[in-house]
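Listed below are the residues making up each chain.
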Amino acid sequence: MSSEAPAGGIRLRAGDRVESRWSGRTITVERFLGEGANGSVYAARLPDGPSHCALKIGNDVFALQSEINALQAVGGDAPKLLLADDGTCKGESFPFYMMSFVPGTPLSEATFDGDADALLAFGGRLLGQLGALHAAGWAFGDVKPGNVMVGRHGEARLVDYGGATRFGQSVKQFTELYDRGYWKLGSRKADAAYDLFAFAVVMLDAAGLGRRVRAIAESTRSDKAKELVALVDESPPLAGAASVLKRLLRGECGDAGAAFVAWRDAAAKPRPAPAAGDQWPAWWFAGASAAFAGVVWWMSGSGT
């Protein structure tokens, strides 16, 4: 991977310093992390902040502001907004913001090795993340494996809020494979069901069926949507939640809280015990159950 990337006409390298216009703080760039439609992201540090931060330099001030608004609205386990300002470096000016660094491995590079407990627990945590965002009136918009981080202990964290869109508006960013409009299973209007459809496709991908999903998508057959729904039955690790996934793909559940509870109940059904000496999935599931309870309580108490 390249150590530099363009953003708003500027390339940053390790050791570069960004001066914030209004706060008067100096940010030191450590390394390039990635690039999206709204700008480039770098690992960076503030002299008086956390030791690990993420710096996003925007290509468009209005798009970046929308992303900042989403982060401010959701709070909770979303990356914490640390600073938003105009910056200068190498004679160039640009909008930027800094947020807490999200450690982990992109879901696109992670594997669950057919472990049903681990996979279902992770799915529950990801639903919790989406539920908190939906309760604030936002859809994530571009739910895909590359925008989901898997933590060391199975935590699920959404990253890159560049596609976050207020409910009722047209989705700003999407990836065809995870877009219900592409599959002709709904519109591209931002709502909870839009993200929940993408979540279901992401879980098929996480279960090792990504190639099959892509093959169906690339086919010329007219019943691709039916094939996608039927594919759920071909994943033994997802068998416990198959009915929930099918409802999400069909758009029959447009409420993250209801999906959350249905997933929890499905995941709680008894399954064969793990092999002797392999107890970590049970611990992982216990943590997910606590997350389930916390988010359901938070959503019911928010009045939404």
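1. Brief notes about the overall build of the protein
For the protein, the helix and strand inventory stands at seven helices and 13 strands. The contacts in the protein between residues at least 6 apart in sequence include a share of 59% that link residues at least 24 apart. On the protein, roughly 13900 Å² of surface is accessible, and the fraction owed to carbon and sulfur atoms is 52%.

2. Observations concerning the pattern of salt bridges
The final tally for this structure, using the stated rule, is 12 salt bridges. Here Glu-227 ties to Arg-221 by a salt bridge, and the two come within 2.6 Å at their closest N and O atoms. We classify Arg-221 as partly exposed; its relative accessible area is 44%. In the salt-bridge network here, residues are joined through shared partners; they are Lys-56, Glu-67 and Asp-160.

3. Observations concerning the environment of Trp-183
Mapped onto the elements of the fold, Trp-183 is located in the loop between strand E13 (165-166) and helix H3 (192-218). Distance from Trp-183 to Lys-226, taken between C-alpha atoms, is 9.7 Å for residues 43 residues apart in sequence. The residues touching Trp-183, leaving out its near neighbours within four places in the chain, are Glu-176, Leu-177, Phe-197, Val-213, Ile-216, Ala-217, Lys-224, Ala-225 and Leu-228.

4. Thoughts on the environment of Ala-259
Relative to the elements of secondary structure, Ala-259 occurs in helix H6 (residues 256-267). Using a relative accessible area of 1% as the deciding quantity, one classes Ala-259 as buried. Spatially, the C-alpha atom of Ala-259 lies 9.6 Å from that of Gly-128, the residues being 131 residues apart in sequence.

5. Concerning the confidence of the model for the protein
Low pLDDT marks stretches whose predicted atomic positions should not be read closely. Here the protein averages 84 in pLDDT, while 85% of its residues score no lower than 70. Confidence, expressed as mean pLDDT per element, reaches its minimum in the protein at helix H7 (residues 280-301) with 44 and its maximum at H3 with 96. With pLDDT under 50 throughout, residues 1-7 is counted as low confidence; its partners more than four residues away or in other chains account for 22 contacts. Segment residues 274-289 is flagged for pLDDT under 50; beyond a separation of four residues in sequence, or across chains, it makes 20 contacts in the model.

6. Section: H6
The end-to-end C-alpha separation of H6 is 16 Å, in line with the 16 Å expected for 12 residues at 1.5 Å each. Taken as a whole, H6 has its buried residues at Ala-256, Gly-257, Ala-259, Phe-260, Trp-263, Ala-266 and Ala-267. N-capping of H6 is provided by Asp-255, with a side-chain oxygen placed 3.0 Å from the backbone N of Gly-257.

7. Considerations on the packing of H3 against H6
Between H3 and H6, whose axes approach to 10 Å, the crossing angle comes to 30°. If you check the angle between H3 and H6, you find them roughly parallel. Contact residues: H3 offers Ala-192, Leu-196, Phe-199 and Met-203, while H6 offers Ala-256, Ala-259 and Trp-263. Class assignment for the residues of the contact of H3 with H6 results in seven nonpolar, no polar and no charged.

8. So, the sheet that holds strand E11 (residues 148-150)
Spatial ordering of the open sheet is given by E9-E11-E12, a layout of three strands whose pairing is antiparallel. Every other strand in the sheet has two partners, leaving strand E9 (105-106) and strand E12 (156-158) as the edge strands with one partner each. Inspection of the sheet shows E9 paired to E11 by two bridges, in the antiparallel sense. Bridging across to E11, Pro-106 finds its partner in Met-149. Set on the sheet, helix H2 (residues 116-135) makes contact with E11 and E12; between it and E12 the angle comes to about 35°.

9. Digging into the side chain of Ser-40
Checked against the element boundaries, Ser-40 lands in strand E5 (residues 39-45). Given a relative accessible area of 0%, Ser-40 falls into the buried group. In this structure the side chain of Ser-40 is engaged in a polar contact, spanning 3.3 Å, whose partner is the side chain of Glu-35.

10. Quick look at the sheet that holds strand E3 (residues 17-20)
The strand order around the closed barrel built from six strands is E3-E4-E5-E6-E8-E7, with neighbouring strands paired in antiparallel fashion. On average, each strand axis in the sheet is tilted by 45° relative to the strand beside it, whichever way the strands run. With six bridges joining them, E5 and strand E6 (residues 53-58) adopt antiparallel strand pairing. Along E6, the bridge assignment pairs Gly-39 with Gly-58. The sheet strands contacting helix H1 (residues 61-74) are E6, strand E7 (81-89) and strand E8 (92-100), and the helix crosses E8 at an angle near 15°.

11. Side note on unusual backbone geometry
Positive phi is not limited to glycine here, since Lys-90 has a value of about 55°. Mapped onto the fold, Lys-90 is located in the loop between E7 and E8. Positive phi, close to 50°, is recorded for Asp-113, a residue that is not glycine. Relative to the elements of secondary structure, Asp-113 occurs in the loop between E9 and H2.

Parameters at a glance
Residues numbered from 1 in each chain as written. Predicted model: local features only at pLDDT ≥ 70, side-chain atom pairs only at ≥ 80, totals over all residues. Heavy atoms only, no water. Helix = DSSP H or I, 4+ residues; strand = E, 2+ residues; numbered from the N terminus. Contact = heavy atoms within 4.5 Å. Areas by Shrake-Rupley, 256 points an atom, 1.4 Å probe, with all protein chains shown as cover. Salt bridge = Lys/Arg side-chain N within 4 Å of Asp/Glu carboxyl O. Buried < 20%, exposed > 50% of the residue type's maximum accessible area, 1.4 Å probe, protein only. pLDDT = per-residue confidence, 0-100. Expected span 1.5 Å × (residues − 1). Polar contact = N/O pair within 3.5 Å; in protein donor to acceptor, adjacent residues only side chain to side chain. Axes fitted to C-alpha atoms, helices over the stretch in contact; angles between N-to-C directions. Parallel < 35°, antiparallel > 145°, perpendicular 65-115°, else oblique. Nonpolar A, V, L, I, M, F, W, Y, C, P; charged D, E, K, R; others polar. Pairing = 2+ DSSP bridges.

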